[in-house]
Structure formats: structure tokens, C-alpha cells
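# Per-entry structural report
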Amino acid sequence: MFSDEFLGDFNNLMFVVLPYLSFVVFLLMTIQRYRTQTFTYSSLSSQFLENKHHFWGMVPFHYGVLAIIVGHVVGFLIPGSVIAWNSQPLRLYILEISALVCGILTVVGFVNVIVRRFRSKKIMTVTTTADWILYAILLLQFLSGVYIAVFERWGSSWYASNAAPYLWSLLKLSPDTSFIVALPAMVKLHMVSAFALIALFPFTRLVHILVIPNPYFWRRTQVVRWVGPRRKRIGH
Ligand code: HEM
């Protein structure tokens, strides 16, 4: 349908230009926002406005997404060990099923996060256009991930053998898309939406990921004194 030349250019745009552009935007704007709007570095919690539905979105979503992110990082850092682990079918099934469960947990939690926003007028009021764009791309990211886990087996193996070397080639500043050009369209969409999320990061509430763990863990303890009019002691 498309000429080889067009497909080559398209691949370069999506898998060479876009990742570097996203990374540069991420780096510069994250620092810029921290310097100029330090107090906006937050998840902008809405728990205070609605606390019943909150648990069923936030908790499964965060457990799921953090486990999935750890899985992607491990596959990137030690791809050889992942391939060796997967060499026995039982171990491959354990890894794939665990990843799928975490993916489903993420989708279920995140659908609850979105439904909760729609159902509460108060939360709708504090939801910005940037939030909706972020939620649409996050949803695309999670749904395409679960689709890949179900229909494009065995992701943990080909991620280690193809996606990891491609990502390393980007990191070493000698991009090599030959590892990924033959991957299915849904996998490519999943990658492109990940790059889009990296670029969007500094403009959204995702920045909260960077302020955890926060300084409470290492700063010296503080003595807090109330300053204000003295209250009368009761009973004395
Ligand atoms: C480092 C680990 C993380 C911690 C400790 C954390 C913590 C939090 C907290 C406390 C909230 C506010 C919940 C509320 O009170 O309303 C929140 C919201 C949120 N987090 Fe995280 N988070 C983490 C990682 C992530 C990751 C990796 C993602 C996505 C890739 C993410 C996406 C979100 C989103 C989209 C919201 C807003 C949900 C909503 O209110 O609609 N978080 N997070």
C-alpha cells in the first residue's frame, strides 16, 4: 500500500526523531517546571473531594502500573537473563501470566479512576484539558499493552530480544530501528504512545512520580510550634 521509501521515513520519524524529541522536552521542561513552579509538583490529589470510589481506582492502578514498569526496566537492563528464564515453558508461562494479571489490574484500576472523575461533579470541576489528554493516552497505553499480552505472544521474550537492543541503541546515540521494524502495528502504537507520554510528562500531574520518595525520609526531624493567640486551658 505504501512505498518502501515512505515507510522508511515514517519509521525514522516515529522511532528515531520522536524518542529523542520526547526525551529533550521531558528533560528541559521537567527542570524548567521544577525551577519556576515547584509547588505544582504534585499528583493534585482529589481524595479529599471523593473517598469511596477512590480506593478502587487508585490502589489497583498503582500496584499494576508500578509492577509493569519494573518489568519493562528489568527486560531492558538484563535481557539475556529474561531470555534464559523463559527458556523453560513453565517459567515463561509464570512470567507472562503475572504480567497479564498486572496489566489487567492496571486497566481495571484506571477505568475506575476515569469513571470516578465522570461521576463526581466536584472532581470534574478540578479536571483540566491536560488531564483528559493524559488519561486518553494512558488508557491507550494500557489497553494496547493488554492487547499485546493476549494476542502477540510471547512479549517478554521478544521485548528482550528486539525492543531492548533498540532502546539501548537509542541510549548509545546510534539508533538502530532494524530490531523493531517488523514488529506488529499494535506494538509500534504502544511504543509511540509511550514516547508521547514521556513528552507530556512535565506538563501533567505525572510529575508526582519524581517527588516520591520525598524529603521526609531523609531530612532531620523538625519541632513544630503553633504561633497564634493562646487558648484558655480548660479545667485549670
Ligand atoms: C512512585 C510511585 C507512585 C506513587 C507513590 C504515586 C502516588 C500517587 C498519589 C498519592 C496519587 C494521588 C491520589 C489521590 O489522592 O487522589 C496519585 C495519582 C495519580 N498517579 Fe501516581 N504514584 C506513583 C506512580 C505513578 C505512575 C508510574 C503513574 C503512571 C504511569 C501514575 C499515575 C497517576 C495518575 C494518572 C494519578 C491521578 C489519578 C486521578 O486522580 O485521576 N502514578 N499517585
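Check the entry above for the structure.
Notes on the structure in this doc start here. (Residues numbered from 1 in each chain as written. Predicted model: local features only at pLDDT ≥ 70, side-chain atom pairs only at ≥ 80, totals over all residues. Heavy atoms only, no water.)

Okay, the site of the ligand next. For the ligand, the set of nearby residues contains 20 residues, the closest of which are S45, H62, R117, Y135 and H208. Measuring from an oxygen atom of the ligand, one finds a side-chain N or O atom of H54 at 3.0 Å. At 2.8 Å from an oxygen atom of the ligand is found a side-chain nitrogen or oxygen belonging to R117. Of all the secondary-structure elements, those providing two or more residues to the shell around the ligand are α2 (54-77), α4 (89-119) and α6 (129-151). Per-element accounting of the shell around the ligand gives the leading share, seven residues, to α2. (Near = heavy atom within 4 Å. Polar contact = N/O pair within 3.5 Å; in protein donor to acceptor, adjacent residues only side chain to side chain. Helix = DSSP H or I, 4+ residues; strand = E, 2+ residues; numbered from the N terminus.)

So, on to the packing of aromatic side chains. With the rule as written, the count across this model stands at 16 aromatic pairs. Ring plane angle 15 degrees and centroid distance 6.2 Å describe the contact between F6 and F10, whose orientation is recorded as stacked. With F6 and F10 both in helix α1 (residues 4-36) and four residues apart, this pair spans about one turn of that helix. Summarising the aromatic geometry, the rings of F23 and F26 are spaced 6.3 Å apart at their centres and angled 25 degrees between planes, so their arrangement reads as stacked. One end of the pair is F23 and the other is F26, both in helix α1 and three residues apart, which spans about a single turn. (Phe/Tyr/Trp six-rings, centres within 6.5 Å; stacked < 30°, edge-to-face > 60°.)

Moving on, we come to the coordination of the iron atom of the ligand. Six octahedral donors around a metal ideally subtend angles of 90 or 180 degrees, whereas four tetrahedral donors ideally subtend 109.5 degrees. Around the iron atom of the ligand, the donor atoms from the protein are H62 (NE2) and H208 (NE2), and they sit 2.0 to 2.1 Å away. Classification of the site at the iron atom of the ligand as octahedral follows from its six donor atoms and the range of 86 to 180 degrees in their angles at the metal. One end of the pair, H62, is in helix α2; the other, H208, is in the segment after α8 (185-200), with 146 residues separating them in the sequence. Judged by relative accessible area, which is 29%, H62 ranks as partly exposed. (Donors = N, O, S within 2.8 Å, 3.2 Å for Na, K, Ca; no water. Tetrahedral: all angles 85-135°; square planar, octahedral: opposite > 155°, others 65-115°. Buried < 20%, exposed > 50% of the residue type's maximum accessible area, 1.4 Å probe, protein only.)

F110, L134, Y135, L138 and F142 are the most contacted members of the largest nonpolar core, which has 18 residues in total. Elements represented by at least two residues in this core include exactly α2, α4 and α6. A total of six residues in this core trace back to one element, the largest contributor, which is α6. Listed in part, the 16 residues of the second largest apolar core include A163, I180, L183 and F195. (Core = buried A, V, L, I, M, F, W, Y, C linked by side-chain atoms within 4.5 Å.)

The next point concerns α2. A rise of 1.5 Å per residue sets the reference length of α2, with its 24 residues, at 34 Å; its end C-alpha atoms lie 34 Å apart and thus fit the reference within 8%. Buried within α2 are the following residues: H54, G57, P60, F61, G64, V65, G75 and F76. In this structure, the buried residues of α2 make contact with α3 (79-85), α4, α6 and α7 (155-171). (Expected span 1.5 Å × (residues − 1). Contact = heavy atoms within 4.5 Å.)

Between α1 and α8, the shortest axis-to-axis distance is 7 Å and the interhelical angle comes to 25 degrees. By the angle class used here, α1 and α8 are roughly parallel. The two elements α1 and α8 meet at a crossing, and its hand is left-handed. Contacts from N11, M14, F15, L18, P19, S22, F23, V25 and F26 of α1 reach α8 at K188, M191, V192, F195, I198 and A199. Classifying every residue of the contact of α1 with α8 by side-chain character gives twelve nonpolar, two polar and one charged. (Axes fitted to C-alpha atoms, helices over the stretch in contact; angles between N-to-C directions. Parallel < 35°, antiparallel > 145°, perpendicular 65-115°, else oblique. Left-handed = near helix turned anticlockwise from the far one by under 90°. Nonpolar A, V, L, I, M, F, W, Y, C, P; charged D, E, K, R; others polar.)

This structure, assessed with the given rule, holds two salt bridges. Between R205 and D131 there is a salt bridge, with its nearest N and O atoms 3.1 Å apart. In this pair, R205 is assigned in the segment after α8 and D131 in helix α6, connecting sequence segments 74 residues apart. Accessibility expressed as a relative area gives 11% for R205, which makes it buried. (Salt bridge = Lys/Arg side-chain N within 4 Å of Asp/Glu carboxyl O.)

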